[in-house]
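Coordinate inspection notes
If you want the building blocks of each chain, they are given just below.
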Amino acid sequence: MAEISYICKRTVVSTKPVQPGKTHPLSALDRAMDHNRVRIVYYYRTPPGREVGEVTKRLRETISEMLTSFPMVTGRLQRNEEGQWVVKCNDAGVRMVEARAKGSVGEWLKSVDREKELKLVHWEDMFHKIYFWSTFYVQLTEFEEGGLAIGFSCTHLLADPICATMIIKAWADTSLLGEMPNPPLFHSSLPLIRPVNSINHNPYTHLINHYKSSLDNSTPVTNTKYTTIALLFTNPMVQACMEMARTHPEAHGTPIFPSPFEALAGLFWTCISNVKGWREGLINMSICLDMRKVLGLDEGFFGNCMVYNAVRGGDFNRHEISKAAMAIRGVMEKMDSEEIMDLIQWLECDSNRSSVLMGGCEHLICTNLEDVEPYSAKFEEGYAPVRVSYHIEPVSTKGQVLILPAPPEEGPLSRVVMVTLPENEAVKLCKDVRVLSFSPTILMGFNKN
């Protein structure tokens, strides 16, 4: 088992000073994620013959160059006159941890589990002196026999997983190309303009009611021991899952094939309901989707755009994957720009509504991260990530499912599914007949070897 030695913790600042007095306000969707955090680990092989510490030294220099374009990342939180969070862009810096691990990155990946992986991504809870608390952390762990792990963590208040991925990509481009081809776009608020004919518009309440319910029924974070399993579904496996989840002609006329996300989310919704012993219908689930495209925002928009919505378990049979997938599709299709704008306006009306502990809601949470592109983050020519893991914390009391892209060589439909459940339920899920019928590769969890 690889052992990690922590060398030092330092503060890294940008190469150019920030304009004095600059602040960055946060949107309603930012503030809704106040209590959550994002943690990501990128794994790389490194060129042979490198001295341990050489890669860390170089990346320490390039991150300072990259941070020049991200003033809010190096800033600190403070309250404005209304009591809401804003970022004071004072270039106080990002905390960087440097570490060493025995063995190689390949050996590490053969036996990695949730507990081991989280040792590669440093995080510190908010201090009582907010002004000194870093909202972003980076950990560079070099393996003595070759390889590198880059751990990145941040408060979800300032960045969703898409933004966090954007930062790593900008850092990689700065390291490899010496420039940032796609700089981030910062806005003081979500650029939402309603049509003129919507003055007498009646708000859509489905999304608002879900956030109200999450606010009213949030449960405290418990000390339950969670286990994460990561499964690789190759192109043919995902195609088979889509075929299993399609509707039958006799039910709807022309068969409807679900998307990879809808099919996999439907599969794991039914299987997790089964391992939890749910006897009537399926456990209630919240899906979390990136709304940048729906809102017409540029791909470089920096800020939270992940929105949660409820999918009710209803009277579905635990074996009816097609009905589960179609229920997910139905909810996704209703999440249009009008409904999202209604939610944002509702959140903006009262700052007290903007503190929703989504990780504490009484739903299984399934997050669609298909649009993140972590495998394009190359710090050196010819060395793309060999694996990338995402963690969104705290974990919902009922568990969490993240659906991610797989390495490009696995095919365009291939996906990695990361499932976090209480340990006893994770064991049962790994033995579920329907999951095993696709023969996915276990990347993290039980029975890897």
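In this text the structure is predicted, and so the values were computed from the model without any measurement.

With respect to the overall build of the protein
Counting its secondary structure elements, the protein contains 13 helices and 16 strands. Looking at the 449 residues of the protein, the share that counts as buried comes to 59%. In the protein, of all internal contacts separated by at least 6 residues, the share reaching a separation of at least 24 is 80%. When the accessible surface of the protein is totalled, it reaches about 19100 Å², and 50% of it is carbon and sulfur.

Observations regarding the packing of aromatic side chains
For the structure on display, the rule yields eleven aromatic pairs. On the basis of an interplanar angle of 90° and a centroid distance of 5.6 Å, the ring pair of Tyr44 and Phe379 is categorised as edge-to-face. Linking Tyr44 in strand β3 (residues 37–44) with Phe379 in the loop between β12 (364–368) and β13 (387–393), this pair joins segments that are 335 residues apart in sequence. Considered together, Tyr44 and Phe379 belong to a single accessibility category, that of buried residues. Both rings, one in Phe136 and one in Phe152, keep their centres 6.0 Å apart while their planes meet at 55°; by these two values the pair is tilted. With Phe136 in strand β7 (residues 136–143) and Phe152 in strand β8 (residues 148–155), this pair connects stretches of sequence that are 16 residues apart. The same class applies to Phe136 and to Phe152, which are both buried. In textbook terms, an aromatic cluster arises when at least three aromatic residues are bridged by ring pairs, as seen for Tyr42, Tyr44, Trp171 and Phe379. Just above the ring of Trp85 sits the side chain of Arg79; from NZ or CZ to the centre is 3.7 Å.

Some remarks on helix α10 (residues 321–334)
The end-to-end C-alpha distance of α10, which contains 14 residues, comes to 20 Å, matching closely the 20 Å that a straight helix rising 1.5 Å per residue would cover. Inspection of α10 places Ile321, Ser322, Ala324, Ala325, Met326, Ile328, Arg329 and Val331 among the buried residues, and these make up the whole buried set.

Topic: a nonpolar patch on the surface
A cluster of nonpolar side chains, Phe127, Tyr131 and Phe132, forms an exposed patch at the surface whose accessible area comes to about 300 Å². Mapped onto the elements, Phe132 comes out in the loop between α4 (114–117) and β7. Take Phe132: its relative accessible area is 51%, and that puts it in the exposed class.

Brief notes about the nonpolar core
Of all hydrophobic cores here, the largest spans 142 residues; its most connected members are Ile150, Trp171, Phe233, Phe268, Trp269 and Leu429. For this core, the leading source of residues is helix α9 (residues 260–275), giving ten residues. Formed jointly, this core draws a minimum of three residues from each of two domains, domain 1 (4–177) and domain 2 (205–444). Residues within four places of Phe268 in sequence aside, it is in contact with Leu231, Phe233, Val417, Val419, Leu429 and Val435.

Focus on the environment of Ser337
Inspection of the secondary structure puts Ser337 in helix α11 (residues 337–349). Relative accessible area serves as the criterion here: at 26%, Ser337 is assigned to the partly exposed category. The spacing of Ser337 and Val294 is 43 residues in sequence and 5.7 Å in space, taken between C-alpha atoms. Ignoring anything within four residues of it in the chain, the contact list for Ser337 reads Val294 and Leu295.

Considering the environment of Thr68
Along the chain, the position of Thr68 falls in the loop between α2 (54–67) and β4 (76–79). A relative accessible area of 28% means that Thr68 is categorised as partly exposed. Put simply, Thr68 and Pro17 are 51 residues apart on the chain and 7.9 Å apart in space, counted from C-alpha to C-alpha. A distance of 3.5 Å separates a polar atom in the side chain of Thr68 from the backbone oxygen of Ser64.

Quick word on the pairing of β13
Taking burial as the measure, the seven residues of β13 include seven buried ones, the bulk of the element. Where burial is concerned, the two faces of β13 agree: the one with Arg387, Ser389, His391 and Glu393 and the one with Val388, Tyr390 and Ile392 are both buried. Pairing of β3 with β13 involves seven bridges; the strand directions are antiparallel. Its bridge partner being in β13, Val38 is matched across the sheet by Ile392.

A few points about the side chain of His363
Among the structural elements, His363 can be located in the loop between α11 and β12. Here Ser286 takes part through its side chain, which lies 2.8 Å from a polar atom of the side chain of His363. Residue contacts for His363: discarding those within four places in its chain leaves His210, Asn284, Met285, Ser286, Ala310, Arg312, Ser396, Lys398 and Gly399.

How each quantity is defined
- Residues numbered from 1 in each chain as written.
- Predicted model: local features only at pLDDT ≥ 70, side-chain atom pairs only at ≥ 80, totals over all residues.
- Heavy atoms only, no water.
- Helix = DSSP H or I, 4+ residues; strand = E, 2+ residues; numbered from the N terminus.
- Buried < 20%, exposed > 50% of the residue type's maximum accessible area, 1.4 Å probe, protein only.
- Contact = heavy atoms within 4.5 Å.
- Areas by Shrake-Rupley, 256 points an atom, 1.4 Å probe, with all protein chains shown as cover.
- Phe/Tyr/Trp six-rings, centres within 6.5 Å; stacked < 30°, edge-to-face > 60°.
- Lys NZ or Arg CZ within 6 Å of the ring centre and 35° of its normal.
- Expected span 1.5 Å × (residues − 1).
- Patch = residues over 30% accessible without salt bridge, like charges linked within 9 Å, V, L, I, M, F, W, Y side chains within 5 Å.
- Salt bridge = Lys/Arg side-chain N within 4 Å of Asp/Glu carboxyl O.
- Core = buried A, V, L, I, M, F, W, Y, C linked by side-chain atoms within 4.5 Å.
- Domains from an automatic or database assignment.
- Polar contact = N/O pair within 3.5 Å; in protein donor to acceptor, adjacent residues only side chain to side chain.
- Pairing = 2+ DSSP bridges.

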